Amino acid sequence: MGRTLANKQAIVADLKKDLSETTMVAVINYQGLTVAEITDLRRRIRPKGGLCTVTKNTLMGKAIEGNADWQALEPLLKGSSAFLLLKDDIGGSIKAYHEFQKATKKTELHGGVMEGKVLTGADVKAIGELPSKEQLMAQIAGALNSVTAKIAIGVKEVPASIARSLQAHVDKG
C-alpha cells in the first residue's frame, strides 16, 4: 500500500521544519545498509545535534522547493539517498558519520549544502576535520593565558630591574 497524499504532505512539512533548524545537509548513498546499521548511524550523530532521515528524493525536492538556502541540494537528489541534517556540532556529526562509514564500508558521501552552496564529498570531509568549537575555545583561552602571563612577568620585572640598578649604584658608591 502506497503513501496517501496527506501522508506525503505531512512528510514534506516535517522536512521543511527540520530544514529550517538545520545548518548543513549532507547527502549519502545508503544502499545496502540494514535497518540496524541506519539505526546505528542515527545513534552516532544524534548526540552531536544531527538527524539522519531517509526519504524519497521527490519528497525532499518538494521540501526544498522555493527555499533559496536549500535549492542547491537539487543536483544531489538521485539514487538511494539518506540526508544528514546537521544543526549544532557539524564537525562532530561528520566525524561520527566517517567513523560509521569506516566501520561499515557501505555508504558513500555524495556531497552537501551549507549556506546555499553545494559542497563536494571532499569539502564535507574537510569540514569534519576542523577542530570542534570547544577545542578552538580552549586554544584561544590558552593563547590568551600565555599572553597575560608574559605581560604580568614583564610588568613585575620593571620594578625589580630598577631596584637591581639602584642597588648596583649604591654598592659602587
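Here's a quick rundown of the structure. (Residues numbered from 1 in each chain as written. Predicted model: local features only at pLDDT ≥ 70, side-chain atom pairs only at ≥ 80, totals over all residues. Heavy atoms only, no water.)

A look at the overall build of the protein
Here is the rule: Secondary structure counts use DSSP, requiring at least four H or I residues in a row for a helix and at least two E residues in a row for a strand, with both numbered from the N terminus. Our radius of gyration looks at C-alpha atoms and nothing else; its globule reference is 2.2 Å times the residue count to the power 0.38.
For the protein, the count of helices and strands is six helices and five strands. Taken from the N to the C terminus, the helices and strands of the protein come in the order α-β-α-β-α-β-α-β-β-α-α. In summary, the protein has a C-alpha radius of gyration of 26 Å against a globular reference of 16 Å for 173 residues, an excess of more than 25%. Projected onto its principal axes, the C-alpha coordinates of the protein cover approximately 105 × 35 × 25 Å.

Focus on the sheet that holds strand S2 (residues 50–54)
Note on sheets: strands pair through backbone hydrogen bonds, and any given pair is parallel or antiparallel. Basically, it comes down to this: When DSSP locates at least two bridges between a pair of strands, those strands are taken to pair. Between N-to-C directions, angles span 0 to 180 degrees; the directions come from axes that are lines fitted to C-alpha atoms, helices contributing only their stretch in contact.
Read across the sheet, five strands follow the order S2-S3-S1-S4-S5 without closing on themselves; strand pairing throughout is antiparallel. At either margin of the open sheet sits one strand with a lone partner, and together these are S2 and strand S5 (117–120). Within this sheet the neighbouring strands show an average axis-to-axis angle of 20°, counted without direction. Inspection of the sheet shows strand S1 (residues 24–29) paired to strand S3 (residues 81–86) by six bridges, in the antiparallel sense. Bridge assignment links Ala26 to a residue of S3, and that residue is Leu84.

Here's the deal with the nonpolar core
Applicable threshold: To form a nonpolar core, buried Ala, Val, Leu, Ile, Met, Phe, Trp, Tyr and Cys residues must be joined to one another through side-chain atoms within 4.5 Å. The rule is simple: take the accessible area with a 1.4 Å probe, protein chains only, and divide by the maximum for that residue type; under 20% is buried, over 50% is exposed, in between is partly exposed.
Met24, Ile28, Leu41, Leu84, Ile94 and Tyr97 are the most contacted members of the largest nonpolar core, which has 20 residues in total. Elements supplying a minimum of two residues to this core: S1, helix H2 (35–45), S3, helix H4 (90–104) and helix H5 (121–129). Counting residues per element, this core draws most heavily on H4, which supplies five residues. Residues Leu76, Leu77, Phe83 and Val113 belong to the second largest nonpolar core, which totals 18 residues.

Some details on the side chain of Ser93
Note the threshold: Only heavy atoms enter the contact rule, under which two residues are in contact if any of them lie within 4.5 Å.
Tracing the backbone through its elements, the reader meets Ser93 in helix H4. Its relative accessible area of 1% is what places Ser93 among the buried residues. Excluding its chain neighbours within four sequence positions, the residues that come into contact with Ser93 are Ile45, Lys48, Gly50 and Leu86.

Observations concerning a nonpolar patch on the surface
Definition in use: Residues with no salt bridge and a relative accessible area higher than 30% make up the patches, which join like charges within 9 Å and nonpolar side chains (Val, Leu, Ile, Met, Phe, Trp, Tyr) within 5 Å. Using the Shrake-Rupley algorithm and a 1.4 Å probe, accessible areas are obtained, with residue cover drawn only from the displayed protein chains. In what follows, salt bridge is the name for a side-chain nitrogen of Lys or Arg lying within 4 Å of a carboxyl oxygen of Asp or Glu.
Side chains of Val147, Ile151 and Val155 sit close together on the surface and give an oily, nonpolar patch of about 270 Å² of accessible area. Inspection of the secondary structure assignment puts Val147 in helix H6 (residues 133–172). Note on Val147: relative accessible area 46%, which makes it partly exposed.

A few points about the environment of Ile64
Following the sequence through the fold, Ile64 ends up in helix H3 (residues 57–64). The spatial distance from the C-alpha of Ile64 to the C-alpha of Thr148 is 49 Å, given a sequence separation of 84 residues. The residues touching Ile64, leaving out its near neighbours within four places in the chain, are Leu19, Trp70, Gln71, Leu73, Glu74 and Leu77.

So, the pairing of strand S4 (residues 108–114)
Sheet topology note: the S1/S4 ladder contains six bridges and is antiparallel. The residue bridging Ala26 from the neighbouring strand is Gly112, located in S4.

Some details on unusual backbone geometry
Positive phi, close to 55°, is recorded for Lys105, a residue that is not glycine. Structurally, Lys105 can be placed in the loop between H4 and S4.

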